[in-house]
Amino acid sequence: SLLSCIFQSPQELLKQRIQTGLYPSFTQGMKTLTVEEGVAGWFTGFVPTVARNMPMVVVVFTTFARLKALHKQRTGRDLTGRESMAVGGLAGAVAVSLTQPVDVVKTRLMTQAVSGQVPYRGVVDCVRRIATEEGLLTFYSGLLPRLLYIAPFSAIQFSVNAKMRDLLLWRHRRKDKIKVKGGA
């Protein structure tokens, strides 16, 4: 996930600045960012992106694994594809809910150039100012759109993982049966 942040952070920065009207296009954004902020500017918000993504990945996979184990303990069987989809979506929703405050901080740092407010001096200043000037609920602004994006993505990811695992296991067992028949 750290490696993906190296690529994701600049992409996210450009996307958000285009969406807020700071840059008229992707190409113009790349030029402006490089000229005005240099290479370091490409990684504005990198630390908050890592601080969001690393726990996000840990929470998604840990939640999925725990719910999967609870299911097996109660039913004595593995999750079906549809159950993997439901549990994956729930795991994604839990992860989004826990990491949303960090996402808000990341977004604020990346878009502060168009906010018209006094720029944040860094992560700590951003957190402090949001909490004192806007209230703690502000850390959950944008939660619904993020849930609507990530929960279905996680649902699809885990159901595809389950189907691929089943397919690979089936192929492996089939090869073993063919070897036994051919060798007998």
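Values in this document were obtained by computation on a predicted structure and should not be read as measured data.

Caption draft 1: Main features of the pattern of salt bridges. Summed over the entire model, instances satisfying the criterion amount to 14 salt bridges. Between E12 and K106 there is a salt bridge whose closest N-O contact spans 3.1 Å. Of the two residues, E12 sits in helix α1 (residues 2-19) while K106 sits in helix α4 (residues 81-111), which places them 94 residues apart along the sequence. Note that E133 is salt-bridged to R129, the shortest N-O span being 3.5 Å. Taken together, the residues span about one helical turn, with E133 and R129 both in helix α5 (residues 123-134) at a distance of 4 residues. Note on E133: relative accessible area 56%, which makes it exposed.

Caption draft 2: Main features of helix α3 (residues 46-75). In this model, α3 (30 residues) spans 43 Å end to end at C-alpha, consistent with the 44 Å of a helix rising 1.5 Å per residue. Every buried residue belonging to α3 is among P48, T49, V50, R52, N53, M56, V59, V60, T63, F64 and H71, and all of these are buried. G76 sits one or two positions beyond α3 and adopts a positive phi of about 80°.

Caption draft 3: Inspection of the nonpolar core at higher detail. If you look at the biggest cluster of nonpolar residues, it comprises 11 residues: M56, V59, V60, F64, L79, V87, A91, A95, V96, I150 and F158. Taken together, the elements giving at least two residues each to this core come down to α3, α4 and α6 (143-183). Setting aside residues no more than four positions away along its own chain, I150 makes contact with M56, G92 and V96. Grouped together as the second largest cluster of nonpolar side chains are 7 residues, V105, L109, Y120 and F139 included.

Caption draft 4: Looking closely at the layout of surface pockets. In this structure, the largest pocket occupies an estimated 850 Å³ of space. Taken together, 29 residues form the lining of the largest pocket, with Q8, R52, R146, Y149 and I150 sitting closest to its centre. Secondary-structure elements contributing two or more residues to the lining of the largest pocket are α1, α3, α4 and α6. Here the element with the most residues in the lining of the largest pocket is α4; it accounts for 7 residues. Among the residues forming the lining of the largest pocket, the class breakdown is 8 nonpolar, 14 polar and 7 charged.

Caption draft 5: Layout of the packing of α4 against α5. Closest axis-to-axis distance for the α4/α5 pair is 10 Å, and the angle between their directions is 105°. Our classification of the angle between α4 and α5 gives roughly perpendicular. Across the interface between the two elements, V104, V105, R108 and L109 of α4 pack against V123, C126, V127, I130 and E134 of α5. Its residues placed into classes, the contact of α4 with α5 shows 7 nonpolar, no polar and 2 charged.

Definitions and limits used
Per chain, residue numbering runs from 1 following the sequence as it is written. pLDDT decides what is reported in this predicted model: residues at 70 or higher carry local features, side-chain atom pairs at 80 or more are listed and counted, and totals for whole chains, interfaces and linings draw on all residues regardless. No hydrogens and no water enter the side-chain calculation; it runs on all heavy atoms of the structure. The term salt bridge refers to a side-chain nitrogen of Lys or Arg lying within 4 Å of a carboxyl oxygen of Asp or Glu. Note on conventions: DSSP H or I runs of at least 4 residues are helices, E runs of at least 2 residues are strands, and numbering of each starts at the N terminus. Throughout this description, buried means an accessible area under 20% of the type-specific maximum (1.4 Å probe, protein chains only), exposed means over 50%, and partly exposed covers the range between. By this rule, a helix spans an expected 1.5 Å times one less than how many residues it contains. Residues grouped as a nonpolar core are buried Ala, Val, Leu, Ile, Met, Phe, Trp, Tyr and Cys residues, joined through side-chain atoms within 4.5 Å. Throughout, a residue-residue contact means that at least one pair of heavy atoms, one from each residue, lies within 4.5 Å. With a 1 Å grid laid over protein atoms only, a set of points is called a cavity when a 1.4 Å probe fits there but cannot get out and a pocket when it is open yet has protein on both sides within 12 Å along at least five of seven lines; lining residues have an atom within 4 Å of a point. Grid points are joined across faces, edges and corners, and a volume is the space filled by probe spheres set on the points. Residues are grouped as follows: Ala, Val, Leu, Ile, Met, Phe, Trp, Tyr, Cys and Pro are nonpolar; Asp, Glu, Lys and Arg are charged; every other residue, Gly included, is polar. Every axis corresponds to a line fitted to the C-alpha atoms, with the helix fit spanning only the stretch in contact, and the corresponding angles, defined between N-to-C directions, vary from 0 to 180 degrees. By definition in this entry, angles of less than 35 degrees are roughly parallel, angles greater than 145 are roughly antiparallel, angles of 65 to 115 are roughly perpendicular, and the rest are oblique.

Read these as spatial facts, not as claims about activity.
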